[in-house]
Amino acid sequence: MRGSMPVSIREVAAHAGVSVATVSNVLNRPEIVAQPTRDRVVASIRELGFVRNESARQLRAGRSRTIGLVVLDVANPFFTDLARGVEDEANKDGLAVILCNSDDQESKEKRYLELLEEHRVQGVLITPVAGAGARLAGLQQRGIPVVLVDSRAPSRGQCSVAVDDFMGGDLAMTHLLKAGHERLAYVSGPPSIRQVTDRHEGAVRAVQRCGRTPDWLRVIEVDALNVAAGRQASACIAEMPASSRPTGVFCANDLIALGVLQEMTRNHIRVPEDIAIVGYDDIDFAAAATVPLTSVRQPRQQLGRSAARLLLDEAADDDGHQHRQVTFEPELVIRQSG
């Protein structure tokens, strides 16, 4: 009685009346084994219920059939869509994706990078926490390819795939300015996140182009990029006197914008009649909101696919690989919110 013990390759060899090396060849190089012998081994594998130890095989080969993807917030639909693009591309090469959520915390990011290295992944895709440069450089020095996703590479020594967030912020603010708004605000997430500051700088560029100073644009800072943070910012706006309240708001992402929209509705402040709202990312929920959101669209799945392709190409040809920094342009999608 074997109980729950797995069948070993030696047991398969004994059952089929062949050597362990022959069973190994059937599993890894079947073309070199005579057909009758191969059939006998395959029959024994099926009869005994043998399952190969893929982890051990991969460790012997020096790398696994996996890549790592580390994102800032897996609950954010932007990263869900990005991950789908990564998975689609990795699947073409027969690879699996290990998805890790750093929560924008250095300690979690560090633990996940260590774990991925222990699993001998073929490479790492990452939207890094601020200050992650040394950790990522260390991985590269140890032979693990790294591609930055939704983030610009600080040097030519890494591949990266990003969106022009300066342009995105400019698009959003220009749209509100052209609509004739005289009091505008930017609801910002944590300034440590590069995308948040780039979108703000793009908005300021649009404001200055219209002859106004940067401080004309009111900045309302929140500590997260989620719906709850948007409701928090919106509560502050709703408390302002109508005569000084912003008539247009650009939000650092769609989740914040959805929170702003919810709280405005709760306070009977009409969107877009009393206040216009523009989000960023154009997640699926943006179009499905009670008042469909105007948003700056990012090519989310294309970001993931492009980043994965760069990583897989580097892993396959490390010596001849040329690092590339790919930048996509965002697009403004106008809907009923402003």
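Quick summary incoming for the structure in this document. Every chain is numbered independently, its residues counted from 1 as its sequence is written. Where local features are concerned, this predicted model is filtered to residues with pLDDT of at least 70; where side-chain atom pairs are given and counted, the filter is 80 or more; whole-chain, interface and lining totals use all residues. With hydrogens and water set aside, each side-chain value is computed from the structure's full complement of heavy atoms.

## Let's talk about the nonpolar core
Selection rule: The set of buried Ala, Val, Leu, Ile, Met, Phe, Trp, Tyr and Cys residues whose side-chain atoms join them within 4.5 Å is what this entry labels a nonpolar core. The cut-offs for exposure are 20% and 50% of the maximum accessible area for each residue type, with area from a 1.4 Å probe on protein chains only; residues under the lower value are buried, those over the upper are exposed, and the others partly exposed. Note on definitions: a residue-residue contact is assigned when non-hydrogen atoms from the two residues lie within 4.5 Å.
Judged by nonpolar contacts, the single largest core of 73 residues is most densely connected at Leu125, Met173 and Phe250. In this view, leucine 125 contacts Ile67, Gly68, Leu69, Val70, Val86, Val147, Val149, Ala307, Ala308 and Leu311; residues no more than four positions away in its chain are not counted. Cys100, Leu136, Leu139 and Ala153 belong to the second largest nonpolar core, which has 14 residues in total.

## A short note on the side chain of arginine 335
Rules: Starting at the N terminus, helices and strands are each numbered in turn, a helix being any DSSP run of H or I of at least four residues and a strand any DSSP run of E of at least two. Any N or O atom pair separated by 3.5 Å or less is treated as a polar contact, with the protein-specific requirement of one donor-capable and one acceptor-capable atom, and with residues adjacent in sequence counted only for side-chain atom pairs.
Mapped onto the secondary structure, arginine 335 falls in the segment after strand S12 (331-333). Here leucine 293 takes part through its backbone oxygen, which lies 2.7 Å from a polar atom of the side chain of arginine 335. Among all residues touching arginine 335, those that are not within four sequence positions of it are Asp282, Ala286, Ala287, Pro292, Leu293, Thr294, Ser295 and Arg297.

## A short note on the pattern of salt bridges
Short version of the rule: Just to be clear on terms, a salt bridge is a Lys or Arg side-chain nitrogen sitting within 4 Å of an Asp or Glu carboxyl oxygen.
Going through the model one piece at a time under the given rule, you end up with 25 salt bridges. A salt bridge links arginine 300 to aspartate 284, with the shortest nitrogen-to-oxygen separation between them at 3.9 Å. Highlighted residues: arginine 300 in helix H13 (residues 300-316) and aspartate 284 in helix H12 (residues 284-288), separated in sequence by 16 residues. Classification of arginine 300 as buried rests on a relative accessible area of 13%. Through salt bridges with shared partners, a single ionic network connects Arg152, Asp165, Arg194, Asp198, Arg199 and Asp281.

## Examining helix H2 (residues 20-28)
Condition: The arc in question is the one spanned by the directions pointing from the helix axis to the C-beta atoms.
Three or more residues of H2 are buried, namely Val23, Asn25 and Val26. Looking straight down H2, one finds that the buried residues subtend no more than 160° of arc, so they occupy a single side. Those residues of H2 that are buried are in contact with helix H1 (9-16) and helix H3 (35-48).

## Topic: the pairing of strand S7 (residues 218-221)
Operational definition: Pairing between two strands requires that DSSP report at least two bridges joining them. The handedness of a crossover follows from its direction of travel: if, with the strands pointing away from the viewer, the path from the first strand over the helix to the second runs clockwise, the crossover is right-handed.
Both strand S6 (residues 184-188) and S7 contribute to a ladder of four bridges, which runs parallel. By the bridge assignment, alanine 185 is partnered in S7 with arginine 218. With helix H9 (residues 194-209) bridging S6 and its parallel neighbour S7, the resulting β-α-β unit is right-handed.

## Brief notes about the packing of aromatic side chains
The condition that has to hold: A pair of Phe, Tyr and Trp rings is counted when the ring centres sit within 6.5 Å of each other, with Trp represented by its six-membered ring. The angle between the planes then sorts it: under 30 degrees is stacked, over 60 is edge-to-face, the rest tilted.
Under the criterion given, the structure shown has three aromatic pairs. The interplanar angle of 40° and the centroid separation of 5.1 Å between the aromatic rings of tyrosine 186 and phenylalanine 250 together place this pair among those described as tilted. Taken together, the residues span a long stretch of sequence, with tyrosine 186 in strand S6 and phenylalanine 250 in strand S8 (residues 248-251) at a distance of 64 residues. Taking relative accessible area as the criterion, phenylalanine 250 reaches 0% and is therefore assigned buried. Ring centres of phenylalanine 250 and tyrosine 280 lie 6.3 Å apart, and the angle between their planes is 40°; this geometry places the pair in the tilted category.

## Digging into the sheet that holds strand S1 (residues 66-71)
The test is simple: Each axis is a line fitted through C-alpha atoms, taken for helices only over the stretch in contact, and angles between the N-to-C directions span 0 to 180 degrees.
The strand order S2-S1-S3-S4-S5-S11 describes an open sheet built from six strands, whose pairing is parallel. Each edge of the open sheet carries a strand with a single partner, namely strand S2 (96-101) and strand S11 (325-328). The mean inter-strand angle of the sheet, taken between neighbouring strand axes irrespective of direction, is 15°. Strand direction decides the pairing type here: strand S3 (residues 124-126) and strand S4 (residues 146-149), joined by three bridges, are parallel. Its bridge partner lying in S4, leucine 125 is registered against valine 147. Seen against the sheet, helix H6 (residues 106-118) touches S1, S2 and S3 and runs at an angle of roughly 160° to S2. Contacts from H13 reach S1, S3, S4, strand S5 (159-163) and S11 within the one sheet, and its direction differs from that of S5 by about 175°.

## Brief notes about unusual backbone geometry
The step from valine 271 to proline 272 runs through a cis peptide bond, and the omega angle for that step is 10°. Looking at the element boundaries, proline 272 is found in the loop between helix H11 (254-266) and strand S9 (276-281). With a phi angle near 55°, aspartate 103 is a residue other than glycine that sits in the positive phi range. With respect to the element layout, aspartate 103 can be found in the loop between S2 and H6. Residue aspartate 103 is classed as partly exposed on the basis of its relative accessible area, which comes to 34%.

## Here's the deal with the packing of H1 against H3
Put simply, the test is: We call two directions roughly parallel when the angle between them is under 35 degrees, roughly antiparallel when it is over 145, roughly perpendicular when it lies between 65 and 115, and oblique otherwise. Working rule for handedness: look at the near helix, and if it is turned counterclockwise from the far one by less than a right angle, call the crossing left-handed; if clockwise, right-handed. Under the convention adopted here, Pro, Cys and the residues Ala, Val, Leu, Ile, Met, Phe, Trp and Tyr are nonpolar, Asp, Glu, Lys and Arg are charged, and Gly plus all remaining residues are polar.
In contact at an axis separation of 9 Å, H1 and H3 are set at 120° when each is read in the N-to-C sense. Our classification of the angle between H1 and H3 gives oblique. When the axes of H1 and H3 are compared, the crossing they make is right-handed. Contacts between H1 and H3 pair Glu11, Val12, His15 and Ala16 from the former with Arg40, Val41, Ser44, Ile45, Glu47 and Leu48 from the latter. A per-class count over the contact of H1 with H3 returns five nonpolar, two polar and three charged.

Purely geometric stuff here, so don't read any function into it on its own.
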